[in-house]
Amino acid sequence: MSTQTTTAPADAARIVEDYFGAPIRMLDSWVGPCAQELAQLLSEGSLTRPRLDAVVEPYAARTLALDDVPVYGAGFIAAIDLLTDAHSHLAWWQGEDGRKLVLASQTVNKEYIDYSELEWYRVPMSTGQPHVAGPYVDYLCSDEYTITIAVPTVADGRLLGVAGLDLLVSEVERELTPRFAALGHQVTLTNGVGRVVVSTDPRCATGDSVRGSRLADLPRVSCAGVALDVIVESI
């Protein structure tokens, strides 16, 4: 077995760790200060949608401007019943122009959506840990295959919601596929439940399950700090 073969899985995992590390660090850099600002408004009994938006907007703008990774959307999702004037709320900005997401303009029901069971909210809220959700079709924001990175936001022991960002799978694929291909092996990136995120193998499409496929019996290497795995096979 060649050295290239033995190191390829570790090299592929490192590519993933480096790529997703930047957006996770970005969220980590502002989730604490944001939580303290929100906690102050909570103590005053004045945390409303407009005030939440005003706090989050500069952090979202900074995240959208991240150089290392093409972030499509960013912002904060409030814990259910956190605000004084709404049951739920997404303070969210997205797209090349960083426009604010206004759910009510898209459908009458979206402004009151209960997102408590959606993976990108439920998992970090229940575990207290950052989470990578997807790939999934994001009907709330982009209507495209999306990966959401979400970090729980806590102040004084209280979960206030999650800070998050969206990456379009098409962009992730465009950036990661050449890096994987340079390893000289077929590389498939999967999420925690074994669904394909991106792959250099044309037989593997985003969203495919590796269960029951030839990939199911191949080793999966976990990527440190990211809830993703890589499967590497010789060409």
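The structure presented is a predicted model; accordingly, all values stated were derived computationally and were not measured. (Residues numbered from 1 in each chain as written. Predicted model: local features only at pLDDT ≥ 70, side-chain atom pairs only at ≥ 80, totals over all residues. Heavy atoms only, no water.)

1. Thoughts on the side chain of Asp 201
Locating Asp 201 in the fold gives a position in the loop between strand 8 (196–199) and strand 9 (221–222). Every residue in contact with Asp 201, bar those within four places of it in the chain, is listed here: Gln 186, Arg 214 and Glu 233. (Helix = DSSP H or I, 4+ residues; strand = E, 2+ residues; numbered from the N terminus. Contact = heavy atoms within 4.5 Å.)

2. Topic: unusual backbone geometry
The omega angle of the peptide bond from Gly 134 to Pro 135 is 10°, so this bond is cis rather than trans. In the Ramachandran plot, Asp 143 falls in the positive-phi region, its phi being about 60° despite a non-glycine side chain. The phi dihedral of Asp 156 falls on the positive side, at around 55°, and the residue is not glycine.

3. Some remarks on the sheet that holds strand 4 (residues 131–137)
The strand order across the open sheet built from 6 strands is 3-2-1-6-5-4, with neighbouring strands paired in antiparallel fashion. Every interior strand has two partners, whereas the edge strands, strand 3 (99–100) and strand 4, have only one. Note that strand 1 (residues 73–78) and strand 2 (residues 90–94) share 5 bridges and pair antiparallel. Paired with Phe 76 across the bridge in strand 2 is Ala 91. With respect to the sheet, helix 3 (residues 119–127) is in contact with strand 1, strand 4, strand 5 (145–155) and strand 6 (158–168), its orientation differing from that of strand 4 by roughly 165°. (Pairing = 2+ DSSP bridges. Axes fitted to C-alpha atoms, helices over the stretch in contact; angles between N-to-C directions.)

4. Things to note about the environment of Thr 200
Checked against the element boundaries, Thr 200 lands in the loop between strand 8 and strand 9. Thr 200 sits in the buried class, given a relative accessible area of 18%. For Thr 200, the contacting residues outside a window of four places in its chain are Thr 177, Phe 180, Ala 181, His 185, Gln 186 and Val 187. A distance of 2.9 Å separates a polar side-chain atom of Thr 200 from the backbone nitrogen of Val 187. (Buried < 20%, exposed > 50% of the residue type's maximum accessible area, 1.4 Å probe, protein only. Polar contact = N/O pair within 3.5 Å; in protein donor to acceptor, adjacent residues only side chain to side chain.)

5. A look at the sheet that holds strand 8
Pairing is antiparallel across the open sheet formed by 4 strands, whose spatial order is 8-7-10-9. Every other strand in the sheet has two partners, leaving strand 8 and strand 9 as the edge strands with one partner each. In the packing of helix 4 (residues 169–181) onto the sheet, the strands contacted are strand 7 (185–191) and strand 8, and the crossing angle to strand 8 comes to about 45°.

6. A few points about the pattern of salt bridges
Pairing of side chains with opposite charge becomes possible as their charged atoms draw close. One pass over the full model with this rule turns up 11 salt bridges. Residue Glu 175 is joined to Arg 174 by a salt bridge in which the shortest nitrogen-to-oxygen separation is 3.7 Å. Through salt bridges with shared partners, one network takes in Glu 171, Arg 174, Glu 175 and Arg 179. (Salt bridge = Lys/Arg side-chain N within 4 Å of Asp/Glu carboxyl O.)

7. Regarding helix 3
Buried within helix 3 we find Trp 120, Tyr 121, Val 123, Pro 124 and Met 125. Its buried side turned inward, helix 3 meets strand 1, strand 4, strand 5 and strand 6. Of the residues flanking the end of helix 3, it is Gly 128, one or two places downstream, whose phi is positive at about 75°.

8. Some details on helix 4
Think of an α-helix as turning once every 3.6 residues; residues three or four places apart then point the same way. The terminal C-alpha atoms of helix 4 lie 17 Å apart, and with 13 residues this matches the ideal 18 Å at 1.5 Å per residue to within 8%. Taken as a whole, helix 4 carries its principal kink of about 25° at Glu 175; the proline Pro 178 stands between one and four residues after it. Within helix 4, burial applies to Val 169, Val 172, Glu 175, Leu 176 and Phe 180. (Expected span 1.5 Å × (residues − 1). Bend = angle between axes of the 7 residues up to and from the residue.)

9. Some details on the confidence of the model for the chain
Chain-level statistics for the chain give a pLDDT mean of 91 and a share of 94% at 70 or above. Confidence drops under pLDDT 50 across residues 104–111; counting only partners more than four residues distant or on other chains, this segment forms 9 contacts. (pLDDT = per-residue confidence, 0-100.)

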